[in-house]
Amino acid sequence: MGQPVREYLLTLCVTVAVTYLLTGPVRKFAIAAGAMPEIRARDVHREPTPRLGGIAMFGGLCAGLLVADHLDNLNGVFELSNEPRALLSGAALIWLVGVLDDKFEIDALIKLGAQMISAGVMVMQGLTILWIPIPGIGTVSLTQWQGNLLTVALVVITINAVNFVDGLDGLAAGMVCIAAAAFFMYSYRIWYGYGIEAAAPATLFAAILMGMCLGFLPHNMHPARIFMGDSGSMLIGLVLAAGACSITGQVDPDAMALWAGGERNATHAMLPVFIPLLLPLTIIAIPMADLVLAIVRRTWKGQSPFAADRGHLHHRLLEIGHSHSRAVLIMYFWSGLIAFGAVAYSVHSASMWIVLALVALSAVGLVLLLLPRFTPRAPRWAESLVPPRYRHAERAAEAAAREAEAEEEARTPVAAGVSGVNGATAVGPRSRFPDRRKAGSSR
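It should be emphasised that the depicted structure is a prediction, and the values quoted were computed from it without experimental measurement.

Scoring rules and cut-offs
Positions within a chain are numbered from 1, following the residues in the order the chain's sequence is written. Confidence filtering applies because this is a predicted model: local features only for residues at pLDDT of at least 70, side-chain atom pairs given and counted only at 80 or more, and all residues used for totals across whole chains, interfaces and linings. By convention in this description, side-chain values take in all heavy atoms of the structure and omit both hydrogens and water. In DSSP terms, a helix is any run of H or I states spanning at least four residues, a strand is any run of E spanning at least two, and both are numbered starting from the N terminus. Buried residues are those whose accessible area, probed at 1.4 Å on protein chains only, stays under 20% of the maximum for their type, while exposed residues exceed 50% and partly exposed ones sit between those limits. Note on definitions: a residue-residue contact is assigned when non-hydrogen atoms from the two residues lie within 4.5 Å. Ring pairs shown here join Phe, Tyr and Trp side chains whose ring centres sit within 6.5 Å, with only the six-membered ring taken for Trp; geometry is labelled stacked below 30 degrees between planes, edge-to-face above 60, and tilted in between. We call a set of buried residues a nonpolar core when its members are Ala, Val, Leu, Ile, Met, Phe, Trp, Tyr or Cys and they connect through side-chain atoms within 4.5 Å of each other. Residues forming no salt bridge and having over 30% relative accessible area are the ones grouped into patches, like charges within 9 Å of each other and nonpolar side chains (Val, Leu, Ile, Met, Phe, Trp, Tyr) within 5 Å. Using a 1.4 Å probe, the Shrake-Rupley method yields the accessible areas, and only the shown protein chains count as cover for residues. The rule for a salt bridge is simple: a side-chain nitrogen of Lys or Arg has to be within 4 Å of a carboxyl oxygen of Asp or Glu. The span you would expect from a helix comes to 1.5 Å times its residue count less one.

Caption draft 1: Quick look at the side chain of Asp 101. Relative to the helices and strands, Asp 101 resides in helix H4 (residues 83–104). For Asp 101, a relative accessible area of 2% puts it in the buried group. Residues within four places of Asp 101 in sequence aside, it is in contact with Arg 51, Ile 106, Lys 111 and Asp 230.

Laid out in structure tokens, this is it:
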């Protein structure tokens, strides 16, 4: 089991290196091509920044798939499944549309159609949901049309959720990287823990997706030197959705031998079967919530659901008082808590410590989220040792008034001394600025 881990690590490192090294030349190309849009009202950055970072990320995707195809243990994924080729076909199409949008600003409905076509390309090559496990009912087989429609819907929703959250430097890449890490842990456990070969492509997709995001993040952290643009956000959204579709509905309960040991044991053992249905939703829970709130907000105002505004979750964090970096870290925290919490619960669902840890971490997250609204106040005996903003309002006002009086008293003796010597209108010290009018006269 150790050798596949080393091969995954090699694939991850190659993807990171290629993406990182390509981002610098891509930035120069984006500047030369004029892919630097003007600052919009909803933008947070204040200087024009080049886009087209998705070009480097697509290069990392191709490099990762190429390396994995030549490794002994990962080569079987390409021989036994057509899903890697399906992913590459759909990714190339959505990436090309994203590049054109970064340069020429394509209409939102055209992009939506391109997303559906990209998902359809993957479906035609076999990357589709075959059945879904439903609690209390069991495994429900889907017809071809039902599976295709569900796959297309999941791909389109995931792409737009990731695209909606791409509003701060490093936010989308970091959140998707966290989601991919959690998904890799889950799919690797299904593959090697239960011997389910259907989880092998999803494990590979998650490793490559982590590499794409990690390689791009050093260039995209605040202050960002380049943006991934729609060519990058739609690309990583599609790869994330492809991994979810690859493993969702592919887990066979009979192959996992879950029905032994009584009804209660079977219920706990079935959690790894239900998690594929829930994990794709949990790892994009924050972007999904942002997407739903944005659609409701814009529709309520009579606007198009695709109209841009400054009402996203990351914008609200900035309005509360968080800095740019702190807002990004808070979003990272919540994404990691939801994603890794779901994975941990699927492994040890009977452990109460996991639930208590999640509750405690959620409380910590809420405190961090609301921290700017509650400014800490120093005790009265220590108010003279801290800046005025940490003092009580009345004490701070009194201290400010005393400081103003002291400054006024410090200036008063000097003015009085000058007046006493020279008089109110007496000739005082000569001004440092010459009288231009007299200097220019003929006298």
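Caption draft 2: How the structure looks around the packing of aromatic side chains. In total, this model carries six aromatic pairs according to the counting rule given. Both rings, one in Tyr 8 and one in Phe 184, keep their centres 5.4 Å apart while their planes meet at 85°; by these two values the pair is edge-to-face. You can see Tyr 8 sitting in helix H1 (residues 2–33) and its partner Phe 184 sitting in helix H7 (residues 171–194), a full 176 residues away along the chain. Phe 184 carries the same exposure label as Tyr 8, and that label is buried. Their ring planes at 80° and their centres at 6.1 Å tell us that Tyr 8 and Trp 191 sit as a pair that is edge-to-face. Note that Tyr 8 is positioned in helix H1 and Trp 191 in helix H7, a separation of 183 residues in sequence. The same class applies to Tyr 8 as to Trp 191, namely buried. Ring pairs connect the aromatic residues Tyr 8, Phe 184, Tyr 188 and Trp 191, which therefore count as one cluster.

Caption draft 3: Inspection of the nonpolar core at higher detail. Ranked by size, the top nonpolar core spans 92 residues in total, and within it Leu 61, Leu 204, Leu 209 and Ile 236 carry the most contacts. With 17 residues, the single largest contributor to this core is H7. Those residues in contact with Ile 236, other than ones at most four positions away along the chain, are Met 57, Val 162, Ala 172, Val 176, Leu 209, Met 212, Cys 213 and Met 228.

Caption draft 4: Broad picture of a nonpolar patch on the surface. Residues Tyr 345, Met 352, Trp 353, Val 355, Leu 356 and Val 359 make up a contiguous nonpolar surface patch of about 650 Å² in total accessible area. Per element, the largest residue contribution to the nonpolar patch is five residues, and it comes from helix H16 (residues 352–370). Mapped onto the elements of the fold, Trp 353 is located in helix H16.

Caption draft 5: The arrangement of H4 in detail. In this model H4 runs 31 Å from its N-terminal to its C-terminal C-alpha over 22 residues, within 8% of the 32 Å that 1.5 Å per residue would give. Directly after H4, the chain includes Glu 105, whose backbone phi takes a positive value near 60°.

Caption draft 6: Representation of the pattern of salt bridges in the model. For the coordinates displayed, the defined rule picks out three salt bridges. Between Glu 105 and Arg 51 there is a salt bridge, with the nearest N and O atoms lying 3.3 Å from each other. Here the residue Glu 105 occupies a position in the loop between H4 and helix H5 (108–124), and Arg 51 occupies one in the loop between H1 and helix H2 (54–69), the gap between them amounting to 54 residues. Look at Glu 105 and you get partly exposed, because its relative accessible area is 45%. Between Asp 101 and Lys 111 there is a salt bridge, and its shortest N-O distance comes to 3.6 Å. Taken together, the residues Asp 101 in helix H4 and Lys 111 in helix H5 connect sequence positions 10 residues apart. Considered together, Asp 101 and Lys 111 belong to a single accessibility category, that of buried residues.

Caption draft 7: Structural detail: unusual backbone geometry. Cis peptide bonds are those with omega within 30 degrees of zero, and the linkage from His 222 to Pro 223 qualifies with -5°. Relative to the assigned elements, Pro 223 resides in the loop between helix H8 (200–220) and helix H9 (229–247). The backbone of Leu 52 shows a phi angle near 65°, a positive value even though the residue is not glycine. Looking at the secondary structure, you find Leu 52 in the loop between H1 and H2. Given a relative accessible area of 4%, Leu 52 falls into the buried group. Even without a glycine there, the phi angle at Glu 105 is positive, about 60°.

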